Amino acid sequence: MIIILGRVEVDPTRLQALKPALQDMMRATFEESGCLSYSLAIEDEGGDGRPAVVNIAERWSSPEDLVSHGKSAHMAAFNKAIAGAVWSLDARMFDASNERPLKLG
């Protein structure tokens with residue numbers, strides 16, 4: 001399994017306009033082969049000189065599924081929608097094994 005975790009700093013003046021693109025991206029990605037989970041979550045709406053912050057959390061069955069995701073039409077549409085709005089991106093990819101449920105308490 002592949003896990004992607006990331007943090008994107010976005011121009012806060014563009015965040016409201018980007019929300020539909022975030023929703024569309026999540027909906028389309030959930031339908032992809034090999035997508036186990038996919039979330040783009042707004043952590044901070046920014047303002048007063050601070051960027052808006054979007055967290056990325058993805059789980060993929062295989063590296064090949066992730067490559068296909070990167071070539072998808074909805075990824076191209078998303079990249080077009082966010083063009084010029086991203087101030088910084090820090091995303092990391094992890095190979096995961098031994099997945100098990102988290103038991104609290």
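Residues numbered from 1 in each chain as written. Predicted model: local features only at pLDDT ≥ 70, side-chain atom pairs only at ≥ 80, totals over all residues. Heavy atoms only, no water.

A. Spatial organisation of the sheet that holds strand β3 (residues 52-60). Spatially, the 4 strands line up as an open sheet ordered β2-β3-β1-β4, and their pairing is antiparallel. Edge positions in the sheet fall to β2 (35-44) and β4 (86-95), since each has one partner strand and no second. For this sheet the average axis-to-axis angle between neighbouring strands, irrespective of direction, equals 10°. Contacting β1 (2-10), β2, β3 and β4, helix α2 (residues 63-70) runs over the sheet at an angle of about 135° to β3. (Pairing = 2+ DSSP bridges. Helix = DSSP H or I, 4+ residues; strand = E, 2+ residues; numbered from the N terminus. Axes fitted to C-alpha atoms, helices over the stretch in contact; angles between N-to-C directions. Contact = heavy atoms within 4.5 Å.)

B. Quick peek at the packing of aromatic side chains. By the definition in use, this model includes 1 aromatic pair. Note on Y38 and W60: the rings are 6.5 Å apart at their centroids and 75° apart in plane angle, and the pair reads as edge-to-face. Linking Y38 in strand β2 with W60 in strand β3, this pair joins segments that are 22 residues apart in sequence. The same class applies to Y38 and to W60, which are both buried. (Phe/Tyr/Trp six-rings, centres within 6.5 Å; stacked < 30°, edge-to-face > 60°. Buried < 20%, exposed > 50% of the residue type's maximum accessible area, 1.4 Å probe, protein only.)

C. Quick peek at α2. Within the span of α2, buried status applies to D65, L66 and H69. With its buried residues spanning 100° around the axis, α2 presents them on a single face. (Arc of directions from axis to C-beta.)

Any functional reading would require information beyond the geometric quantities listed.
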